[in-house]
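Okay, here's what each chain looks like letter by letter:
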2 protein chains.
Amino acid sequence: MARKSWLPIPHNSHFSLSNLPFGIITTPTSRIPHVAVAIGNYALDLHMFSSSNGHAAGGFNDLAAIKPYLSVFSQPTLNAFAALGRPLHRQVREYLQDVFSEDTPYPDILKLNKGLQAQSLYPLDSIETHMPFHIGDYTDFYAGKNHAYTVGVLFREPNTALQPNYTHLPVAYHGRASSVVVSGTPIRRPWGQIIKDSGSDSDSTPVPVHQPCKRLDFELELGAFICRANDMGEPIPVVQAHDYIFGYVLLNDWSARDVQTWEYVPLGPFTAKNFGTSISAWVILADALEPFKAKGLENEHQVLDYLREADPEKSALDLNLEVDLTTKKGNTYTICRSNGRNLLWSYPQMIAHHTVTGCPMAVGDLLGSGTISGTREGTQGCLLEQTQGGRVPITLGHGSEKEERMYLQDGDTVRLRAWAGGRSGVEKEGELVGFGDCVGTVMPALQR
Amino acid sequence: MARKSWLPIPHNSHFSLSNLPFGIITTPTSRIPHVAVAIGNYALDLHMFSSSNGHAAGGFNDLAAIKPYLSVFSQPTLNAFAALGRPLHRQVREYLQDVFSEDTPYPDILKLNKGLQAQSLYPLDSIETHMPFHIGDYTDFYAGKNHAYTVGVLFREPNTALQPNYTHLPVAYHGRASSVVVSGTPIRRPWGQIIKDSGSDSDSTPVPVHQPCKRLDFELELGAFICRANDMGEPIPVVQAHDYIFGYVLLNDWSARDVQTWEYVPLGPFTAKNFGTSISAWVILADALEPFKAKGLENEHQVLDYLREADPEKSALDLNLEVDLTTKKGNTYTICRSNGRNLLWSYPQMIAHHTVTGCPMAVGDLLGSGTISGTREGTQGCLLEQTQGGRVPITLGHGSEKEERMYLQDGDTVRLRAWAGGRSGVEKEGELVGFGDCVGTVMPALQR
């Protein structure tokens, strides 16, 4: 499957020819956001690619199916392209794979066309990426069973760590769409309402104070973007739900743990999660991840009919997940290594449950997976788990560079990374299908 | 204050000259949605009003301030008009009040202009209303303390009915924007995951089933639309928050109680609330309700600095609230009479808390108040309260027409009504400031 490209692609690039993720960019020559794909160290500006070259349809001259819809590539979001549906996404991706293949059947389109290369191919370090979608609604699931269990044990007994509903339905809450930002956006430490001395377990009357969050955390998640709407009142059957998935991003659900502890009863997290959610700039098409489908976590219960999947062996994605923490000193530590299979519920199950009531989904809706943690030390996708609820700090580095973290400090940079198709250091060219980075730096709280 | 209009306005009309609520309509002559105001039994199409009449600015010829922005009235939502800010909303409303006044200073604009009247004034029963806003995010608060207390007592002891955080912060959850619909839209009874025999209090292992909701309820709420954005990371101070409120609607937060009971731990309501939320078609400008500001419920706690209001005596709205239930037989019963003062938290407090973390608000965001219940029988804003948790049915009618309700039945129509400025039966012309109806009929669940 790993085809070679005439464009040099570094062997460890997340953006191999097998990937071709979609995003929104501005370039040195155009400050108007347009659709692009990433390949190796380059972005192909599909607005330029589709509108010049002397052909009527530009670089898409040899793909008849897309010709009526070329304006989608000149939009400032992926919504219009996504709305064309998975069969067209597939054709566009396969066509572009052909265009970039060493043995391309269309050498005149780009390989031998230095003019169009100059107009449409930009080094990644020369462009800016932007929010890939206008998000309608954002829902965050809680499908990372290991995370839910570990967090449950912190606050309850092991045998009641998971709520009774957990294995019967994909638990979720509606999130805040307006605070979803693209990778690279700084995250300001929020103020919030917090219980004074929240470390104590005394049962005296809690006294809240208004102060900057002291327990700022990240959460390692996947996100999926929706590419098809259902009518209100019409549930999406689980076996059709994959047709509604445009593709995937990495997602950091920044969390103010001290705010969350106090506010979340009885209606769930609110301000603890509404100050910023980061997503990767490049969206991997669902098709590009098809080869990496694998079994997720086993559910001990037989699930209800409307959640029963066609192929439970392919419910999750075999993705390598990593979290790097770069401290203010400039040192970088990989503090988490997990895998996308650590989910109890699949995206089709999430969609089927979300719409079981007839809730309408729209193109551009974003669904977070929940924190994807393993069970062992070093596999946990947030600091709440890693520090056992803020009780045992993690150690970074050695000797004079040694630092500790209970929660995030101002100036800390959190970088999520994920890829399929190889192990770090042993990849072959054209093999990796990755997201690039989902990164954010913690800015100090506002002064009052 | 009650000015008389040259246009006949019925004495009991919600749409007096003191009101002039804004909405989105299509008319017999235009199927393209435009901005309108309601007055008496008419809607004034502001697209037609502002674009014809021989003047450069049409009917707005004598209001210089709005002339650069006339295109806002030709939009299919109120978002662009709302974004102009409260000072302009005020000028437009006052100008239109002048235009419609018996002693109008601008008689040539409309009063004596039969041509423009024919082009822009439509009987309400000849037009269709549409969603007034494109909603970005929808948040539902829980500020109805009597509701929270009564529901808390149903599930816990009276002294723990309210959670410890309740009197310190306005509890809320992020809702589902895509399922907010305009008054008149039918609501299909949702399917959901429900515990078999959910009436029993046994502590045996719960067994969920997939079935149509059997405990479908309404919730009587207000909603507020946002007309101004804050930058991400910048909280909105409570004393400035009223500048962010465009206006108010009535809101019915339809709820599947049996779904909610099972799913809501630990992240709050999800599918129990995402199948439909109805709002009234006409949005009353914040200015029109200024004269009806009144004290809300007393908070026993001193609230934190960021929630402290300039004038706590004017934290709520003195609105008469009613709920009518029309059964399939066609009989109508008023099953609830409440008042807008039954809220513990004001809208400025809700906005200040929502953004305390720096959460960005956008023009068109919708904030629900939570269920506005009184404490006595007949004042409770949902069936969950009225039937004591589904234990004691309410009785409708007498003799051969007698019916009972524990929860809503297919074919039931729920109509919320609210108005300020008079008591039913004793209004004077020009006095009432009301929302019209917020109505929805329950359709049977889909067959499987």
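Owing to the predicted nature of the structure, the values given are computational and were not obtained by experimental measurement.

**Observations regarding the relation of the copies chain A and chain B**
Mapping chain A onto chain B leaves a residual RMSD of 0.0 Å; the transformation is a rotation of 180° accompanied by 0.0 Å of translation along its axis. Read as a symmetry element, the transformation amounts to a two-fold axis. For chain A, the residue whose C-alpha comes nearest the rotation axis is glycine 268 of chain A, separated from it by 2.2 Å. In this assembly the copies share their binding face: 98% of the residues contributing to the interface of chain A also contribute to that of chain B.

**Observations regarding the sheet that holds strand β5 (residues 128-130) of chain B**
All names here are of chain B. Read from one edge of the open sheet, 5 strands run β4-β3-β2-β1-β5, paired in antiparallel fashion. Edge strands, defined here as strands with exactly one partner in the open sheet, are β4 (121-123) and β5. Direction aside, neighbouring strands of the sheet carry axes that sit 45° apart on average. In terms of strand pairing, strand β1 (residues 22-27) meets strand β2 (residues 30-39) through 5 bridges, oriented antiparallel. From the neighbouring strand, threonine 27 faces β2, where its bridge partner is serine 30.

**Things to note about the pairing of strand β26 (residues 433-443) of chain B**
All names here are of chain B. Buried residues dominate β26, accounting for 8 of its 11 residues. With 2 bridges joining them, strand β9 (residues 187-188) and β26 adopt parallel strand pairing. When the bridges of β26 are listed, arginine 188 appears paired with methionine 443. Judged from the 7 bridges that link them, strand β25 (residues 413-420) and β26 form a sheet pairing that is antiparallel. Bridge pairing in β26 links alanine 420 to valine 433.

**Side note on the environment of phenylalanine 133 of chain A**
Residue and element names in this part refer to chain A. Among the structural elements, phenylalanine 133 can be located in the loop between β5 (128-130) and β6 (138-141). Residue classification places phenylalanine 133 among the buried positions, given a relative accessible area of 2%. Between the C-alpha atom of phenylalanine 133 and that of alanine 281, which follows or precedes it by 148 residues, the distance is 9.7 Å. The residues touching phenylalanine 133, leaving out its near neighbours within four places in the chain, are Thr77, Leu78, Asn79, Ala82, Phe225, Phe246, Val283 and Gly364.

**Focus: helix α3 (residues 86-100) of chain B**
With 15 residues, α3 of chain B should cover 21 Å at 1.5 Å per step; its first-to-last C-alpha distance of 21 Å lies within 8% of that length. Considered for burial, the residues of α3 of chain B that qualify are Arg86, Leu88, His89, Val92, Arg93, Tyr95, Leu96, Gln97, Val99 and Phe100 of chain B.

**Description of helix α5 (residues 145-155) of chain B**
Residue and element names in this part refer to chain B. With respect to burial, α5 is a largely interior element, 8 of its 11 residues being buried. Of all the residues in α5, the buried ones are Lys145, Asn146, His147, Ala148, Thr150, Val151, Gly152 and Leu154. Buried residues along α5 sit in contact with α9 (383-386).

**As for the domain arrangement of chain A**
Residue and element names in this part refer to chain A. Under the domain assignment used here, chain A contains domain 1 (22-130) and domain 2 (138-443). Once you take the C-alpha centre of each, domain 1 and domain 2 turn out to be 31 Å apart. On the domain 2 side, the residues contacting the 20 residues of domain 1 number 16 residues. Interface area for domain 1 against domain 2, summed over the two sides, is near 1,500 Å², with a carbon-plus-sulfur share of 63%.

**Side note on the interface of chain A and chain B**
Taken residue by residue, the interface counts 64 residues in chain A and 63 residues in chain B. Summed over both sides, the interface between chain A and chain B buries roughly 5,600 Å², with carbon and sulfur atoms accounting for 62% of that surface. Sorting the residues of chain A by area buried against chain B places His174, Leu267 and Phe270 of chain A first, and these three jointly supply 15% of that buried surface. Connecting chain A to chain B are 4 salt bridges. Across the pair arginine 176 of chain B and aspartate 365 of chain A runs a salt bridge whose closest N-O atoms are separated by 2.6 Å. Applying the counting criterion to the chain A and chain B interface returns 31 residue pairs in polar contact (both at pLDDT 80 or more). Contributing elements (two or more residues each) for the side of chain A that touches chain B: β6, β7 (172-174), β9 (187-188), β10 (191-195), β11 (208-212), α6 (257-263) and α8 (347-354) of chain A. A per-class count over the side of chain A that touches chain B returns 35 nonpolar, 21 polar and 8 charged.

**Notes on the UniProt feature "binding site: Ca(2+)" (unreviewed entry) in chain A**
All names here are of chain A. As recorded in UniProt, the feature "binding site: Ca(2+)" (unreviewed entry) lies at Asp140, Glu219 and Glu221. Across 82 residues, the annotated set stays spatially compact, with a maximum C-alpha separation of 11.4 Å. Within the secondary structure, aspartate 140 is located in strand β6. Relative to the helices and strands, glutamate 221 resides in strand β13 (residues 220-226). Filtering out sequence-adjacent residues up to four positions away, glutamate 221 remains in contact with Asp140, Val249, Leu250, Leu251, Asp253, Gly368, Ser369, Gly370, Thr371, Ile372 and Leu416.

Rules behind the numbers
Residues numbered from 1 in each chain as written. Chains lettered and ligands numbered in written order. Predicted model: local features only at pLDDT ≥ 70, side-chain atom pairs only at ≥ 80, totals over all residues. Heavy atoms only, no water. Least-squares fit on C-alpha atoms with pLDDT ≥ 70 in both. Contact = heavy atoms within 4.5 Å. Pairing = 2+ DSSP bridges. Helix = DSSP H or I, 4+ residues; strand = E, 2+ residues; numbered from the N terminus. Axes fitted to C-alpha atoms, helices over the stretch in contact; angles between N-to-C directions. Buried < 20%, exposed > 50% of the residue type's maximum accessible area, 1.4 Å probe, protein only. Expected span 1.5 Å × (residues − 1). Domains from an automatic or database assignment. Buried area = accessible area lost by both parts, 1.4 Å probe. Salt bridge = Lys/Arg side-chain N within 4 Å of Asp/Glu carboxyl O. Polar contact = N/O pair within 3.5 Å; in protein donor to acceptor, adjacent residues only side chain to side chain. Nonpolar A, V, L, I, M, F, W, Y, C, P; charged D, E, K, R; others polar. UniProt positions renumbered as here; feature names shortened; annotations may be inferred.

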